[in-house]
Amino acid sequence: MSQATQTKTQSTAATFRALKCKECGTEYEPKAIHVCEFCFGPLEVAYDYSEIRRRVTRESIQAGPHSIWRYREFLPVDSDQPIDVGTGLTPLVQANRLARRLGLNKLYIKNDAVNMPTLSFKDRVVSVALTRARELGFSTVSCASTGNLANSTAAIAAHAGLDCCVFIPADLESGKVMGTLIYSPTVMAVQGNYDQVNRLCSEVANTHGWGFVNINLRPYYSEGSKTLGYEVAEQLGWQLPDHIVAPLASGSLFTKIYKGFREFVEVGLVEDKAVRFSGAQADGCSPIAQAFREERDFITPVKPSTIAKSIAIGNPADGVYALDIARKTNGTIESVSDAEIVDGIKLLAETEGIFTETAGGTTIAVLQKLVAAGKIDPDETTVVYITGNGLKTQEAVQGYVGEPLTIEPKLDSFERALERSRTLDRLEWQQVLV
Ligand SMILES: *Cc1c(COP(=O)(O)O)cnc(C)c1O
């Protein structure tokens, strides 16, 4: 009772009240903790949806900032001044040429390859995590990263004036390493795979009192991915799609798009609808796809070996929840080879003018596989999530994209080169035809 009167007079108070164990339901104060003390289940943010319903309308959201913070009431922060570096509201592109190529009728690309400030969907989760980190009093922030997360954490920490130390596997693509170093954080390149980096970071989190965005701040961090659900619903004209296809690393993003859609239904912003959830992994790191295929309820960890390094998590924390969502929504989780990933990157670039990284190539290749297997109805409104930018993983396509034609600064040199390239094109076509 007194709670209700309090929230009415203080309409900017937080709409979240606790962290709640996903397994046993035990509630905790919203501090920097991420596992249940009783059953070791993951903690998740719990909201007061009747309060959100009272505060939020389609119009109030549209009048908000041009960033993820237009959905502030659905995010776990107290502050009226969240860290806003323009993250979110990335384009939802109607992908007609790719659709025609695949035989689909209503295909959309949610293009987080151009997210701000570091060109991946991770800017969403980090904007939320660092806002919360500041509220909880952390002065040093950190993360265990497959690459993109280190870019985001370092950049947004620089903007917010927080000290930053990030941990990455030592064998990352040079674009990912440079895209972190430029912000001058401390960078630890760990000689091991992501799962080993993550284990080390759990130990550091216990001893150093730092805010690890994807460890002790994970309940807040992961909520940032819900905005990929909200934006698609808003950009489709306040409707849910029929089918989504998204990449899976830890599986968190996938589960949070689902949570975002369910919350919009819960507070009355969109009509309820059955949305199918399909997930994408690389063959070289496909523990969730394997469990799906073998109809298991548990994940068997694997040792990653794939060019899709940003999604190479062998022991995915939210794997079982992602499995559950794919199954109950009548979706699929598939995996593709490294060669198919490269083809996927090229296909998206050639048909839509979007240069994605290996995770996006994985998602496009899985989309193609699902269409070929009849698992996507051509008339379903299908949204494919492209989560990262190809300029960061140039190694993956080196040798697969041809060469520029080097010419002298003379008209006849240009004409000869043009003729030669047309002949080559014809020869290639003849090879395709035979
Ligand atoms: C981290 C990442 C993902 C997936 O993240 P999870 O939430 O751990 O499943 C997908 N794509 C890109 C480009 C990423 O960097």
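For clarity, every value in this text was computed on a predicted model and none was experimentally measured. (Residues numbered from 1 in each chain as written. Predicted model: local features only at pLDDT ≥ 70, side-chain atom pairs only at ≥ 80, totals over all residues. Heavy atoms only, no water.)

This part is about the pattern of salt bridges. Tallied over the full model, the rule gives 29 salt bridges. A salt bridge links Lys31 to Glu29, with the shortest nitrogen-to-oxygen separation between them at 3.0 Å. Overall, the relative accessible area of 44% leaves Lys31 in the partly exposed class. The shortest N-O distance in the salt bridge between Arg276 and Glu380 comes to 2.8 Å. Here Arg276 is found in strand S11 (residues 276-282), whereas its partner Glu380 is found in the loop between helix H15 (358-372) and strand S13 (381-386), with 104 residues between them in sequence. Looking at Arg276, the relative accessible area reads 18%, which means it is buried. Owing to a relative accessible area of 10%, Glu380 belongs among the buried residues under this scheme. Among the ionic contacts, a cluster of salt bridges with common partners joins Glu44, Glu223, Lys226, Lys256, Lys259 and Glu263. (Salt bridge = Lys/Arg side-chain N within 4 Å of Asp/Glu carboxyl O. Buried < 20%, exposed > 50% of the residue type's maximum accessible area, 1.4 Å probe, protein only. Helix = DSSP H or I, 4+ residues; strand = E, 2+ residues; numbered from the N terminus.)

To continue, consider the pairing of strand S10 (residues 243-247). Where burial is concerned, most of S10 is hidden: five out of the five residues are buried. Burial along S10 is two-sided: the face carrying His243, Val245 and Pro247 and the face carrying Ile244 and Ala246 are both buried. Strand direction decides the pairing type here: S10 and S11, joined by five bridges, are parallel. Within S11, the residue paired with His243 across the bridge is Arg276. As defined by bridge partners, S10 adjoins S13 across three bridges and the pair is classed as parallel. Among the inter-strand pairings, His243 is bridged to a residue of S13, identified as Thr382. (Pairing = 2+ DSSP bridges.)

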